[in-house]
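One-letter residues, chain by chain:
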Amino acid sequence: MMELRRITLIQWFLFEAEQIDVGGDIAILGANGAGKSSILDALQTVLTGGMRRHYRFNASAQQETRSKRSIRSYCLGVIASGEEDGSRARTVRDQALTWLALGFAERTADGSPGQSLTVAVCFHAAHDLPEERFEGGLIVKGALLGTADFLQGSGEDQMVRPVDELVRALRAREPEGVSVLSLTTPEQSEAEHERMTR
């Protein structure tokens, strides 16, 4: 049986680059506004392959009605909608290349390491774009990806790795047993998910 072992968030809401290692039974706890819902919405986004018609984001603690959150608002890190006074939304970043990844590992009866799998989606968002753009998705067998895989450079020169560069880097690891399925549209992602779950 596969278990969730890692959640990776790159440029998602207030998280610039976060790797959360988990195992067994987990709970996400914190004060209002701490980011619990944004983590759950990231999981939902990956599990639905970025298909808008499938996700229902949680309303923030400050919203009394249906959620106004979107993938675009999460990518840009919208912290105030601006709707109350007609001002521009306050955001953490003007543009984003967002990666969301879930890493799974097989739980073996004897506790030894089993097969690993990472499922990831990537979006681009910017203030001058009305909606986010799906950049691609990956299913990576044989590797539990983390923040170091999605970023390149270091310090102030650190940048988010685009889909094509990450795919190239991962394919170079194929001799180590890593295999990559690259998806270029949400529809491909959904079709592959349906094929794999039959």
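Draft legend 1. Region of interest: the overall build of the chain. Helices and strands together make up the secondary structure of the chain, namely 5 helices and 10 strands. Per-residue burial over the chain gives 43% buried out of 198 residues. Looking at the chain alone, contacts between residues at least 24 apart form 58% of all its contacts between residues at least 6 apart. Accessible area of the chain: about 11,100 Å², with a carbon and sulfur share of 49%.

Draft legend 2. Quick look at the environment of Gly146. You can see Gly146 is positioned in the loop between β7 (133-141) and α3 (147-150). For the pair formed by Gly146 and Thr118, sequence separation is 28 residues and the distance between their alpha carbons is 9.3 Å. In contact with Gly146, other than residues within four places in its own chain, are Arg6, Thr8 and Gln19.

Draft legend 3. Fine view of the nonpolar core. Grouped together as the largest cluster of nonpolar side chains are 23 residues, with contacts concentrated most on Leu9, Trp12, Ile71 and Leu100. Going through the elements one at a time, β1 (2-12), α1 (36-47), α2 (71-76), β5 (95-107) and β6 (113-126) are the ones with two or more residues in this core. Discounting chain neighbours no more than four positions away, the residues touching Trp12 are Ser38, Asp41, Ala42, Thr45, Ile71, Tyr74, Cys75, Arg93, Thr98 and Leu100. Ranked by size, the runner-up nonpolar core spans 19 residues in total, among them Leu97, Val140, Leu151 and Leu170.

Draft legend 4. Region of the structure containing the pairing of β1. With 8 of its 11 residues buried, β1 lies for the most part within the structure. In this structure, β1 lies alongside β5, joined through 8 bridges in antiparallel fashion. Considered in β5, the bridge of Leu4 is made with Phe104.

Draft legend 5. Focus on the side chain of Thr147. Its location among the elements puts Thr147 in helix α3. Look past the residues within four positions of Thr147 in its chain and what remains in contact with it is Thr8, Ile10, Ala17, Glu18 and Gln19.

Draft legend 6. Representation of the pattern of salt bridges within the structure. Here the structure, examined in full by the defined rule, presents 9 salt bridges. Among the ionic pairs, Arg173 bridges to Asp149, the shortest N-O distance being 3.2 Å. Note that Arg173 is positioned in the loop between α4 (163-171) and β10 (179-183) and Asp149 in helix α3, a separation of 24 residues in sequence. Its salt-bridge partner being Glu176, residue Arg173 comes within 4.0 Å of it at the nearest N-O pair. Among the residues examined, Arg173 registers a relative accessible area of 24% and is labelled partly exposed. On the basis of relative accessibility, which here comes to 61%, the residue Glu176 falls in the exposed class. Here the residues in one salt-bridge network are Glu3, Arg5 and Arg107, joined through shared partners.

Conventions we followed
- Residues numbered from 1 in each chain as written.
- Predicted model: local features only at pLDDT ≥ 70, side-chain atom pairs only at ≥ 80, totals over all residues.
- Heavy atoms only, no water.
- Helix = DSSP H or I, 4+ residues; strand = E, 2+ residues; numbered from the N terminus.
- Buried < 20%, exposed > 50% of the residue type's maximum accessible area, 1.4 Å probe, protein only.
- Contact = heavy atoms within 4.5 Å.
- Areas by Shrake-Rupley, 256 points an atom, 1.4 Å probe, with all protein chains shown as cover.
- Core = buried A, V, L, I, M, F, W, Y, C linked by side-chain atoms within 4.5 Å.
- Pairing = 2+ DSSP bridges.
- Salt bridge = Lys/Arg side-chain N within 4 Å of Asp/Glu carboxyl O.

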